[in-house]
Amino acid sequence: MQMSSFFSALALGSAALLAAQPAVAQQKLVPAQSEVQFTARQMGVPLEGHFKKFDAQVSFDPAKLATSKIVFTVDTGSATMGSRETDAELPKATWFNVPQFPQATFQSSAIKALGAGKFEVTGKLSIKGLARDVVVPVTLVQNGATTLATGALPLKRLAFKIGENEWADTSMVADDVQVKFKLALTGVGKL
């Protein structure tokens, strides 16, 4: 179960960072319509989890991508995989070390338009005090006043020391974690 917790924490942290990248200028996140999920594999079996608490500070203008910024934070202590035992392991030092690193963050450095509502958000993802450069693919779809930002980011948990010591063995818990996000934003200009 500790392995499951580790993967959950890693995936959620990654998802949070990805979600922050597609936000907009003077925009607000609608938490009730947003989610950050992650999938890890323990002994070949996929384990799914999500983060219950995350936030984004977004200044996104599709006409001014050079000055657009996204900062996304995830409360690592809000990671859940739906099991009391696993959820109790995730905050521990081996996995997310919540007492020392209560948040994972993503801060954008560049946003590139790819066309048809697709963007590439480059930035730094920080989990457990370790910062890594990541590129997050984001798709934006507008429906009335709400813009939905979706995407997925593959991460390597060991790059962030998620699942240390005996959990560093990738034959038990795979190194690859998939983070998926769906962020509902208000205040985004017309794409």
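Residues numbered from 1 in each chain as written. Predicted model: local features only at pLDDT ≥ 70, side-chain atom pairs only at ≥ 80, totals over all residues. Heavy atoms only, no water.

A. Representation of the overall build of the chain. Tallying secondary structure elements over the chain gives 2 helices and 11 strands in all. Counting every position in the chain, which comprises 191 residues, the buried fraction comes to 48%. When contacts within the chain are restricted to residue pairs at least 6 apart in sequence, those whose partners lie at least 24 apart make up 69%. Counting only carbon and sulfur atoms, one obtains 53% of the accessible surface of the chain, whose full area is about 8700 Å². (Helix = DSSP H or I, 4+ residues; strand = E, 2+ residues; numbered from the N terminus. Buried < 20%, exposed > 50% of the residue type's maximum accessible area, 1.4 Å probe, protein only. Contact = heavy atoms within 4.5 Å. Areas by Shrake-Rupley, 256 points an atom, 1.4 Å probe, with all protein chains shown as cover.)

B. Geometry of the nonpolar core. Membership of the largest hydrophobic core comes to 44 residues, with the highest contact counts inside it found for Phe 51, Phe 54, Phe 60, Phe 72 and Phe 96. Ranked by the residues each element gives to this core, the list is headed by strand S11 (residues 176–186), at 5 residues. (Core = buried A, V, L, I, M, F, W, Y, C linked by side-chain atoms within 4.5 Å.)

C. Structural detail: the pattern of salt bridges. Under the counting rule described, the total for this entry stands at 5 salt bridges. For Glu 164, the salt bridge identified is with Lys 128, shortest N-O distance 2.7 Å. In this pair, Glu 164 sits in the loop between strand S10 (146–156) and S11 while Lys 128 sits in the loop between strand S8 (118–127) and strand S9 (130–143), placing the two residues 36 residues apart along the sequence. Between Lys 156 and Asp 176 there is a salt bridge, with its nearest N and O atoms 2.5 Å apart. Highlighted residues: Lys 156 in strand S10 and Asp 176 in strand S11, separated in sequence by 20 residues. For Asp 176, a relative accessible area of 45% corresponds to the partly exposed category. (Salt bridge = Lys/Arg side-chain N within 4 Å of Asp/Glu carboxyl O.)

D. Spotlight on the side chain of Ser 34. Mapped onto the elements of the fold, Ser 34 is located in the loop between strand S1 (28–29) and strand S2 (35–42). Owing to a relative accessible area of 10%, Ser 34 belongs among the buried residues under this scheme. Separated by 2.8 Å, the side chain of Ser 34 and the backbone oxygen of Val 30 make a polar contact. At a separation of 2.9 Å, a polar atom in the side chain of Ser 34 contacts the main-chain amide nitrogen of Ala 184. (Polar contact = N/O pair within 3.5 Å; in protein donor to acceptor, adjacent residues only side chain to side chain.)

E. Local environment of the pairing of S9. Of the pairings in the sheet, the one linking S8 to S9 comprises 10 bridges and is antiparallel in character. The partner of Ser 126 across the bridge, within S9, is Ala 131. In sequence, S8 turns back onto S9 through a hairpin of 2 residues, with Lys 128 there showing a positive phi of about 55 degrees. As paired strands, S9 and S10 are joined by 5 bridges and run antiparallel to one another. Among the inter-strand pairings, Gln 142 is bridged to a residue of S10, identified as Thr 147. (Pairing = 2+ DSSP bridges.)

F. Here's a closer look at unusual backbone geometry. Phi at Ala 116 takes a positive value of approximately 55 degrees, unusual for a residue other than glycine. If you trace the backbone, Ala 116 turns up in the loop between strand S7 (103–115) and S8. Using a relative accessible area of 78% as the deciding quantity, one classes Ala 116 as exposed. Backbone geometry at Lys 161 places phi at a positive 55 degrees, although glycine is not the residue there. Looking at the secondary structure, you find Lys 161 in the loop between S10 and S11.

G. Representation of the environment of Gln 103 in the model. Turning to its location among the elements, Gln 103 is positioned in strand S7. Between the C-alpha atom of Gln 103 and that of Gly 129, which follows or precedes it by 26 residues, the distance is 9.4 Å. With residues up to four places along the chain from it excluded, the contact list for Gln 103 reads Thr 73, Val 74, Asp 75 and Thr 76. A distance of 3.0 Å separates the side chain of Gln 103 from the side chain of Asp 75, its partner in a polar contact.

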